[in-house]
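Inside the fold
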Amino acid sequence: MYAPIRMPGPLFDEIAAGGGSPEAVAFLVRGERTRRLVLLRALLDRLDADPALLGPLDATAAWTALEEAATRAPGPVDDLLLSPQVGSWLAHTLRRLHGTASGPPLWADAGQLAAVAATAAVHAGTETTLLLPARGASVSLPALGMVRLPGPDEDGFHAVPIEVRAGRITVHGPHGPGVSVRPLDAPESAHWLPVHRLPTGPGIAPRRLGPDELHAWQDLFADAVALLRRDADAGPGGLRPEEISRIVPWQPTDRESGLPVPSSGLSASTGDAFASMVIARPPDPVALAETLVHEFQHSKLGALLHLFPLIEDDERAELHYAPWRADPRHLPGLLHGAYAFVGVTGFWRARARDTDAGPRDRAAFLFALRRLQTRMVLRTLATRARLTVAGQRLVARLTGTVDGWLREPVEPAALARARAAAVSHRVEWRLRNLRCGQDERDRLAKAWRFGSVPVRGGEPLVAPGPGGYWQDDRCALYMAPDTAAGTGPGADALLVAGHPRAALSAYAARLAAGGAPGARVPAGGAPEAGVSDPHALAGWLLAHTALRPADRRLLARPERSAALFGMVEPARWAEAARWLAG
């Protein structure tokens, strides 16, 4: 009963390479089930030690009901314990008990144990009478839906009595008669809001979806599932849709400033809710399929992290470049990103060979781009992170996957555009997030004045700009170069179209109109003002080095160019660039 879980090496290697057979994913699910039971035991121990934590509710009655249901119907109760709602609730409640999270009255959070027990009794057909936490007129049954009681929908929490018999639950509220429903088969009504279920898997929304929105999701999901089934067992980038548990549609809010991605492309997942994901409705089935692959990769790595520590120091300093982010990332986030984008790269690899999945040129470009960017991050992890033995094995397997892809041929024009887009993003990211220290700036200025050799660069300061997310407009043009011809004589369009001299002039004019690109850094290290137009300065450097390939070393540390140009009149920037590159 208490034997430790031991993951067979071949199954670990399948997951570590970015893929995972049904057997390997099933092992992760087994690990998640064990974790849920451990967390549930930890919660029960706390409630036994301090019954007052549950307020008016009764932990013994809830546990008895849950145990009886598990004895009668172990499969459905296991599915309930493995549901994302139960996983998130358990982890959140234990964090509250440890003082690292906040929320409603503690008894209402911990009291969801009774709601889990009631839901288990519904699935098993057993009988029980319990008190459940209600918020106003709403009583939530995890993974089933919500009971709406008669009376005002106030924002307070209170306990309501419920009875479960033969799959029917009756909830007695303080206002009016009780509500009786059969949650497993009752249709939606004024008093019962069931979880929405998509044809090949369930989904739930934090706010109720209207009929039109639900229909749009159903159509998108059906087409995405058909797309994914073409290569469900093809290794990294493949996904078996039935392994997805929940999709929570992202509801736009007015508090979206500072997001690391645009809200229209937002998606997220958590290690507490395996196979569940929050997704903003994408524009087409291919985008949805890509997002499902991306977020399920996060779920797999999260489950693996519950079994194996992968980074020894778990350093949380936001220092590192992630090509899919606008901001610096810490090493655990970088590991998650690399694992997710191995899946994304594999997805686009399959699309590049799939004539029915949209423009193949776009897929070839994204395959080439993502394999370059992911390999760069894997190198950072291998050289900067203190990896455990399991972490070293994971990074080595991921690197082997991506290195194999890097040897695969890609149409030369798409490959060239992907390389240019990768360099463009990295240069602009550095200009937006890194600065030269004051000492390096002073020594650069002195060397420039006296005509001596440029000083060697020091470690840059991480100083993200205030703008939050920034749109990589040049990458969009590199991905679809045919659209650049219709964007007018803009600097980006000229650069992407292969006219670096004209682009250089256009970027210079934009920079001159916006002021000097650099700003002096005081002794404390924080810039008084950031680069006035980092996008234009990045473009200027890209155009300059396209005309003078010998100066390409400028692109490795573009923040040095920003520092120098802030001290040089614009008419001498080309001269300063050649001096700095030399």
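Residues numbered from 1 in each chain as written. Predicted model: local features only at pLDDT ≥ 70, side-chain atom pairs only at ≥ 80, totals over all residues. Heavy atoms only, no water.

1. What about the overall build of the chain?
Each helix and strand in the chain was counted, giving 20 helices and 14 strands. The long-range fraction of contacts in the chain, counting pairs at least 24 apart against all pairs at least 6 apart in sequence, stands at 69%. Summed over its atoms, the accessible surface of the chain is roughly 25,700 Å², and 54% of this surface lies on carbon and sulfur atoms. (Helix = DSSP H or I, 4+ residues; strand = E, 2+ residues; numbered from the N terminus. Contact = heavy atoms within 4.5 Å. Areas by Shrake-Rupley, 256 points an atom, 1.4 Å probe, with all protein chains shown as cover.)

2. A word on the packing of helix H11 (residues 360-384) against helix H12 (residues 389-406)
The geometry of H11 relative to H12 is characterised by a closest axis approach of 10 Å and an angle of 150° between their N-to-C directions. Regarding the angle of H11 to H12, the classification is roughly antiparallel. As for the relative orientation of H11 and H12, their crossing is left-handed in sense. Residues Phe367, Arg371, Leu372, Thr374, Arg375, Leu378, Leu381 and Ala382 of H11 form the contact with H12, whose participating residues are Val395, Leu398, Thr399, Val402, Asp403, Trp405 and Leu406. (Axes fitted to C-alpha atoms, helices over the stretch in contact; angles between N-to-C directions. Parallel < 35°, antiparallel > 145°, perpendicular 65-115°, else oblique. Left-handed = near helix turned anticlockwise from the far one by under 90°.)

3. Some remarks on unusual backbone geometry
One non-glycine residue, Ala143, lies in positive phi territory at about 70°. Of note, Ala143 is situated in the loop between strand S2 (138-141) and strand S3 (145-148). Here the phi dihedral of Ala275 falls at roughly 70°; this positive angle occurs in a residue that is not glycine. Assessed through its relative accessible area of 2%, Ala275 is described here as buried. (Buried < 20%, exposed > 50% of the residue type's maximum accessible area, 1.4 Å probe, protein only.)

4. Thoughts on the packing of aromatic side chains
Counted according to the given criterion, the structure contains 10 aromatic pairs. A centroid spacing of 4.2 Å and a plane angle of 5° characterise the contact between Trp324 and Phe341, whose relative ring orientation is stacked. With Trp324 in the loop between helix H9 (285-307) and helix H10 (331-352) and Phe341 in helix H10, this residue pair connects regions lying 17 residues apart in the sequence. Relative accessible area serves as the criterion here: at 15%, Trp324 is assigned to the buried category. Using a relative accessible area of 7% as the deciding quantity, one classes Phe341 as buried. For the pair Trp448 and Trp579, a centre-to-centre distance of 5.4 Å together with 70° between the ring planes defines the contact as edge-to-face. With Trp448 in helix H14 (residues 438-450) and Trp579 in helix H20 (residues 573-581), this pair connects stretches of sequence that are 131 residues apart. The exposure class assigned to Trp448 is buried, which follows from its relative accessible area of 16%. One aromatic cluster in this structure is built from Trp540, Phe565 and Trp573. Sitting over the ring of Phe367, Arg371 keeps its end group 5.0 Å from the ring centre. (Phe/Tyr/Trp six-rings, centres within 6.5 Å; stacked < 30°, edge-to-face > 60°. Lys NZ or Arg CZ within 6 Å of the ring centre and 35° of its normal.)

5. Thoughts on the pattern of salt bridges
Under the criterion given, the structure shown has 31 salt bridges. For Arg397, the salt bridge identified is with Asp13, shortest N-O distance 3.3 Å. Of this pair, Arg397 sits in helix H12 while Asp13 is found in helix H1 (residues 9-16), placing the two residues 384 residues apart along the sequence. In this structure, the salt-bridge partner of Arg35 is Asp272, at a minimum N-O distance of 3.5 Å. Linking Arg35 in helix H2 (residues 22-49) with Asp272 in the loop between strand S11 (267-268) and strand S12 (276-279), this pair joins segments that are 237 residues apart in sequence. A single salt-bridge network, built from bridges that share partners, covers Arg430, Glu440, Arg557, Glu559 and Arg560. (Salt bridge = Lys/Arg side-chain N within 4 Å of Asp/Glu carboxyl O.)

6. Topic: the sheet that holds S12
Read from one edge of the open sheet, 3 strands run S10-S12-S11, paired in mixed fashion. Each of the sheet's edge strands pairs with one partner strand only, and the pair in question is strand S10 (246-249) and S11. Note that S10 and S12 share 4 bridges and pair parallel. Across the sheet, residue Pro249 finds its bridge partner in S12, namely Ile279. (Pairing = 2+ DSSP bridges.)

7. With respect to H14
Helical periodicity: at 3.6 residues per turn, an α-helix aligns residues three or four positions apart in one direction. Here H14 is 13 residues long and its end C-alpha atoms lie 19 Å apart, about the 18 Å a rise of 1.5 Å per residue gives. Among the residues of H14, those classed as buried are Gln438, Glu440, Arg441, Leu444, Ala445, Ala447 and Trp448. Where H14 is buried, its residues meet helix H19 (558-565) and H20. (Expected span 1.5 Å × (residues − 1).)

8. Topic: helix H18 (residues 534-547)
Relative to the 20 Å expected for 14 residues at 1.5 Å per residue, H18 spans 20 Å between its end C-alpha atoms, a close match to the ideal helical length. H18 sits mainly inside the fold: 12 of its 14 residues count as buried. On its buried side, H18 packs onto helix H13 (412-433), helix H15 (473-479), helix H16 (491-496), helix H17 (500-514), H19 and H20.

9. Observations concerning the pairing of strand S5 (residues 168-171)
Summarising the sheet, strand S4 (residues 157-165) and S5 pair through 4 bridges and their orientation is antiparallel. By the bridge assignment, Arg165 is partnered in S5 with Arg168. Turn length for the S4-S5 hairpin, with the two strands adjacent in sequence and antiparallel, is 2 residues, and the turn residue Ala166 shows positive phi of about 55°. In this sheet, strand S6 (residues 179-181) lies alongside S5 in antiparallel orientation, the contact comprising 3 bridges. Paired with Thr170 across the two strands is Ser180, which belongs to S6.

10. A look at the side chain of Glu32
By secondary structure assignment, the location of Glu32 is in helix H2. Lacking a salt bridge, the buried Glu32 has Arg36 as its closest oppositely charged neighbour, with an N-O distance of 4.3 Å. Each residue touching Glu32, except ones within four places of it in the same chain, is listed here: Leu82, Gly271, Phe274, Ala303 and His306. (Lys, Arg positive; Asp, Glu negative; His and termini not counted.)

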